[in-house]
Amino acid sequence: MTKDILISRRAVIASGIALGVSGFAPLARAAAPLKVAGIHASPVENAWNSCLHKALQDAAKDGAIEYVFSEGVSGTDYPRAMREYAEQGNKLIIGEAYAVEKEARQVAADYPDTAFVLGSSGEQAGDNFGVFGTWNHDGAYLAGMLAGKMTKSNVVGSVGAIPIPEVNMLINAFAAGVKAVNPDVKHLVSFIGTFFDPPKAREAGLAQIDAGADILFGERIDTADAAKERGIKSVGSLIDYTPRYPDTVFANAMWYFRPILNAAIADVAAGKPVGRNYTSYGLMKEGGSDIVFVKGVAPAEAEAAMEAKRAEIKAGTFEVPKMMDEPK
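Residues numbered from 1 in each chain as written. Predicted model: local features only at pLDDT ≥ 70, side-chain atom pairs only at ≥ 80, totals over all residues. Heavy atoms only, no water.

Enquirer: Which parts of the structure should I look at to understand helix H7 (residues 198-210)?
Expert: An α-helical segment advances 3.6 residues per turn. Residues three or four places apart therefore align on the same side. Along its 13 residues, H7 runs 18 Å from first to last C-alpha, staying within 8% of the 18 Å computed at 1.5 Å per residue. All buried positions along H7 are accounted for by Pro198, Ala201, Ala204, Gly205, Leu206, Gln208 and Ile209. Buried residues belonging to H7 abut strand E6 (155-160), strand E7 (186-191), strand E8 (215-218) and helix H8 (223-230). Once H7 ends, the next one or two residues include Gly212, with phi positive near 115°. (Helix = DSSP H or I, 4+ residues; strand = E, 2+ residues; numbered from the N terminus. Expected span 1.5 Å × (residues − 1). Buried < 20%, exposed > 50% of the residue type's maximum accessible area, 1.4 Å probe, protein only. Contact = heavy atoms within 4.5 Å.)

This is the structure in structure tokens:
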């Protein structure tokens, strides 16, 4: 990987920690930090990857880990990157297996002393291959409740990457929130066929606006550009897009990777197997996801109803439906 040397230097500067320390000592401020590598299939500016990247950077600043990373790693190069980081002595490798589900598990089997915790649509494998999903569907449902009471055309749209289960679940949750408060709304859905292509996301958003949508849910980055261009409102996903689009993005279905990362770090530091599913640490009731929104944009009664449902989700008395079939 051509970026390894440069990236390693950046990581050392960010964490202020020397390399070469064993990763299985107990976690503590004074303990040796865990060597962790991040492998990002998209640039770290991509919303999903930025969530992982920020959590890993923050953990490095806290002194819990040493962090090196590569970004823009293609599916054909991904298994090689996993092997190289394992052979460099990293004790935990964080990344994504969506395009390399079989190959990633094969690499993990070849490196039983390295822990791999990857975003995946599949299950854990053995003692050293853990998985997590991106379940910010709770926030998407709540944002849908606001959108359903805001739309004037009774048409909303969603732009997604690829119809894999968790992307489907997110878009379906937004639609369910809309329908819960306004069953007459028509929901348009487009997939751009890749995880990172901002111009395609913008084009898909524009097409939905041309078809009557007056609110867009952007599972993909740059959907908000289409909304901004046409003067309509939009909902962001994973990160807070409102500062970037202050007059366009009124709500965001947030996802915080740090609780998942903390659980994985704790398991590795304690010598426990990571062959389990870490998804639940990212749920709203666990503090791993939420909604952030601009107050006063949606009607007051819509905000009140949404906040009441949010409280039910946090209390565990309401569960947002998990619908993983491709939305139509």
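Enquirer: Where do I start with the pattern of salt bridges in this structure?
Expert: Any two side chains of opposite charge can pair if their charged atoms end up close together. A full pass over the atoms with the stated rule returns 15 salt bridges. The salt bridge partner of Glu229 is Arg202, with a shortest N-O separation of 2.9 Å. With a gap of 27 residues between them, Glu229 in helix H8 and Arg202 in helix H7 connect regions that are remote in the sequence. Classification of Glu229 as partly exposed rests on a relative accessible area of 45%. Residues participating in the shared-partner salt-bridge network are Asp290, Glu307, Arg310 and Lys314. (Salt bridge = Lys/Arg side-chain N within 4 Å of Asp/Glu carboxyl O.)

Enquirer: Can you help me understand the sheet that holds strand E4 (residues 115-119) in this one?
Expert: Strand pairing in a sheet is mediated by backbone hydrogen bonds. Such pairs are either parallel or antiparallel. With parallel pairing, the five strands of this open sheet are ordered in space as E2-E1-E3-E4-E5. Lying at the two open borders of the sheet, with one neighbouring strand each, are strand E2 (65-70) and strand E5 (129-132). Within this sheet the neighbouring strands show an average axis-to-axis angle of 20°, counted without direction. Where strand E1 (residues 34-39) meets E2, six bridges bridge the pair, whose relative direction is parallel. Paired with Gly38 across the strands is Phe69, a residue of E2. Sitting on the sheet, helix H4 (residues 101-110) touches E4 and E5, and the angle it makes with E5 is about 145°. Against the sheet, helix H9 (residues 258-269) contacts E1, E2, strand E3 (92-96), E4 and E5, and its axis sits at roughly 150° relative to E3. (Pairing = 2+ DSSP bridges. Axes fitted to C-alpha atoms, helices over the stretch in contact; angles between N-to-C directions.)

Enquirer: I'm lost on the side chain of Asn182 in this one. Help?
Expert: Counting through the fold element by element, Asn182 comes out in the loop between helix H6 (165-181) and E7. For Asn182, a relative accessible area of 14% translates into the label buried. A distance of 3.1 Å separates a polar atom in the side chain of Asn182 from a polar atom in the side chain of Asn154. Among residues more than four places away in sequence, those in contact with Asn182 are Gly148, Thr151 and Asn154. (Polar contact = N/O pair within 3.5 Å; in protein donor to acceptor, adjacent residues only side chain to side chain.)

Enquirer: Teacher, can you tell me more about the packing of helix H2 (residues 47-61) against H9 here?
Expert: Between two packed helices, the angle of one axis relative to the other and the distance separating the axes together describe the packing. The contact between H2 and H9 brings their axes to 9 Å, and the two run at 55°. In terms of orientation, H2 lies oblique with respect to H9. In the packing of H2 onto H9, the handedness of the crossing is right-handed. Where H2 abuts H9, its residues Ala55, Leu56, Asp58 and Ala59 lie against Arg258, Leu261 and Ile265. By residue class, the composition of the contact of H2 with H9 is five nonpolar, no polar and two charged. (Parallel < 35°, antiparallel > 145°, perpendicular 65-115°, else oblique. Left-handed = near helix turned anticlockwise from the far one by under 90°. Nonpolar A, V, L, I, M, F, W, Y, C, P; charged D, E, K, R; others polar.)

Enquirer: Before we go on, may I ask you to explain the packing of aromatic side chains in this structure?
Expert: What describes a pair of aromatic rings is the distance from one ring centre to the other and the angle between the planes of the rings. Inspection of every chain in the model, using the stated rule, returns 12 aromatic pairs. Where Phe132 meets Trp255, the ring centres are 6.2 Å apart and the plane angle is 25°; that geometry is what we call stacked. In this pair, Phe132 is assigned in strand E5 and Trp255 in strand E10 (residues 249-255), connecting sequence segments 123 residues apart. For Trp255, a relative accessible area of 2% translates into the label buried. Where Phe174 meets Phe217, the ring centres are 4.8 Å apart and the plane angle is 10°; that geometry is what we call stacked. (Phe/Tyr/Trp six-rings, centres within 6.5 Å; stacked < 30°, edge-to-face > 60°.)

Enquirer: Looking at this structure, I do not really get the nonpolar core. What am I missing?
Expert: By size, the foremost hydrophobic cluster in this structure holds 70 residues, and its most contacted members are Ile65, Leu92, Ile94, Phe132, Leu146, Trp255 and Phe257. One finds Val73, Val100, Ala104 and Val131 within the second-largest nonpolar core, a separate group that totals 20 residues. (Core = buried A, V, L, I, M, F, W, Y, C linked by side-chain atoms within 4.5 Å.)

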